[in-house]
Amino acid sequence: MTDSNLLDKSLADEDGSSLKNKQKKQKGKDAWRPEGHRDPFVMLNALPEEKQQEIQRALHLFSLGQGLPKTIQEAKRRTYNFWDTQPVPKLSDSVTSHGPILEGEAIVREQPYSLPQGFSWDTLDLTSPTVLTELCTLLNENYTEDDDNTIRCDFSPEYLQWALQPPGWLAQWHCGVRVTANKKLVGFVAAVPANVRVYDTERQMAQVNFLCVHKKLRLKRMSPVLIRELTRRVNQQGLCQAVYTAGVVLPTPLSTCRYWLRPLNIRKLLDVNFPCLTYNTTPQRAVKLNRLPEATKTPGLRPMKGGDIPGVLSLLQGHLQKFHLSSILSPQEAEHWLLPRENVIDTYVVEGGDGVLTDVMSFYSVSSRVLNHPVHSSLKAAHLLYCISTAADPVDLMEDTLVLAKAKGFDVFTALDIMENRCFLEKLKFVIGDKNLHYYLYNWTCPTIDPDKIGLLLPN
């Protein structure tokens, strides 16, 4: 036997001895473990909350590295296997025409699309409190979060009923995926019917929202199947177009808008390291910089009431005609989307001395959970819906809205740079955010639209 063989045998003996010792230790460690297959969901949920957050943060950061592009330049270097099969403009297209990409009525598939083994479709009954709670759990744990996984959306049942059950809503457009064995809800996508104006064309479309797949199942590529199935269900109702938004670049954005943030409770936002808020000064100075008046200044400003719907709708119709992409609301839809609901939607009107409404301000509410913070557990955000001004100064009107939102306990106010919002964003010390929102049309082509010509906002 050569020296080399002796060395190999020595290493093999060491490895064998070491392996036996490791196996003995491992048996001791595994003694407490139950035999048989363990559900990964159960295993994760059995860990302490802090450990769960560490694992989810690592998975989230990994997904960012593998995720979809956030700029057109990144997107053009990527292949979109699913979207290349759909009736949407290509990223390389230079669009000058208006109209559907696929003409005529779609040939509608009769049977639902196939899911991976172990999963099944479920049409969610959102009139059931139990189902609504299940949907809240899925969205709140998997829908969206900030980049370091410390702030997460916390949708309420009341908010989801408002967002998903407007006049004309269809239960079959609330499309869920469940685990066949235990009926756990692990996927969802929804649409609501809407009349939409694109340039000079009015079209009934589906507004698609809340596409969500459980974090542990995203490698199973369920999102394309959810989209195909929802498209099938929409086509069954004779509709062939849809409008939707996303924070990532897909083929092909109709418009790209930017989020802006206005701190209301600056101390709390700094405590939780809220994104985009960096002040090269002391907290005291930051509080002073963001101070708002104690009271509103616009005469006749008051909360909207049921009797205001005709006047509000008239103002809204005149306002939305200025834009290339906007909603066309019926009186029933205006009532649904704008009439105040506690912790969901706030709308204020300005009533002139003659009793005529001249201005409208509206914002909706989405709370967030703050994870693993010793003091704060939640954040309350107001999201601007409409700022319609025909008599009051829009900057003064928006400042009054900030005052009212702060008085109601909101911590931050967000707005997109759409419609005519840019006239007050910088003047009222909004801070430009780090995220874009891209608008898309399905089976419709038209020239791109600048943000200030977008008059449509999907509650999200």
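Going by the structure above, here's the rest.
So, a few notes on the structure that sits alongside this text. Fair warning: this is a prediction, and the values are worked out from it, not measured in the lab.

### Here's the deal with helix α5 (residues 129-142)
Thinking step 1. Over its 14 residues, α5 runs 20 Å from end to end, which matches the ideal 20 Å to within 8%, given 1.5 Å per residue.
Thinking step 2. Every buried residue belonging to α5 is among Val131, Leu132, Leu135, Cys136, Leu138, Leu139, Asn140 and Asn142, and all of these are buried.
Thinking step 3. Elements in contact with the buried residues of α5: β2 (151-154), α6 (157-164), β4 (185-198), β5 (201-213) and β11 (357-370).

### Things to note about the pattern of salt bridges
Thinking step 1. Within the structure shown, the criterion is met by 14 salt bridges.
Thinking step 2. Here Asp346 makes a salt bridge to Lys408, at a shortest N to O gap of 3.4 Å. Taken together, the residues Asp346 in strand β10 (residues 345-351) and Lys408 in the loop between α12 (394-407) and β13 (412-416) connect sequence positions 62 residues apart.
Thinking step 3. Overall, Lys408 belongs to the partly exposed group, its relative accessible area being 35%.
Thinking step 4. Three or more residues are tied together by salt bridges with common partners; here these are Asp122, Glu134 and Arg178.

### Thoughts on the environment of Gln165
Thinking step 1. Residue placement: Gln165 occurs in the loop between α6 and β3 (174-179).
Thinking step 2. Relative accessible area serves as the criterion here: at 14%, Gln165 is assigned to the buried category.
Thinking step 3. Residues Gln165 and Ala191 lie 26 residues apart in sequence; the distance between their C-alpha atoms is 9.6 Å.
Thinking step 4. Aside from chain neighbours lying at most four places away, what touches Gln165 is Leu126, Thr127, Leu160, His174 and His336.

### Topic: the nonpolar core
Generally speaking, soluble globular proteins have nonpolar side chains that are buried together.
Thinking step 1. Residues Tyr159 and Phe210 are the most contacted members of the largest nonpolar core, which totals 65 residues.
Thinking step 2. Tyr159 has contacts with Phe210, Val344, Tyr364, Ser365, Val366, Pro459 and Asn460, leaving out every residue within four places of it along the chain.
Thinking step 3. Core analysis: the next-biggest nonpolar cluster, separate from the first, contains 34 residues, Trp173, Val186, Tyr244 and Tyr440 among them.

### Concerning the side chain of Glu229
Thinking step 1. Along the chain, Glu229 falls in helix α7 (residues 222-236).
Thinking step 2. A polar contact is formed between the side chain of Glu229 and the backbone nitrogen of Tyr113, at a distance of 3.0 Å.

### A short note on the packing of aromatic side chains
Thinking step 1. Going through the model one piece at a time under the given rule, you end up with 16 aromatic pairs.
Thinking step 2. Pairing Tyr159 with Trp162 gives two aromatic rings, centres 5.7 Å apart and planes at 55°, and the pair type is tilted. With a gap of 3 residues between them, Tyr159 and Trp162 both fall in helix α6, about one helical turn apart.
Thinking step 3. Classification of Tyr159 by relative accessible area gives buried; the value is 1%.

What counts, and where the lines are drawn
- Residues numbered from 1 in each chain as written.
- Predicted model: local features only at pLDDT ≥ 70, side-chain atom pairs only at ≥ 80, totals over all residues.
- Heavy atoms only, no water.
- Helix = DSSP H or I, 4+ residues; strand = E, 2+ residues; numbered from the N terminus.
- Expected span 1.5 Å × (residues − 1).
- Buried < 20%, exposed > 50% of the residue type's maximum accessible area, 1.4 Å probe, protein only.
- Contact = heavy atoms within 4.5 Å.
- Salt bridge = Lys/Arg side-chain N within 4 Å of Asp/Glu carboxyl O.
- Core = buried A, V, L, I, M, F, W, Y, C linked by side-chain atoms within 4.5 Å.
- Polar contact = N/O pair within 3.5 Å; in protein donor to acceptor, adjacent residues only side chain to side chain.
- Phe/Tyr/Trp six-rings, centres within 6.5 Å; stacked < 30°, edge-to-face > 60°.

Treat this as a map of the structure, not an account of what it does.
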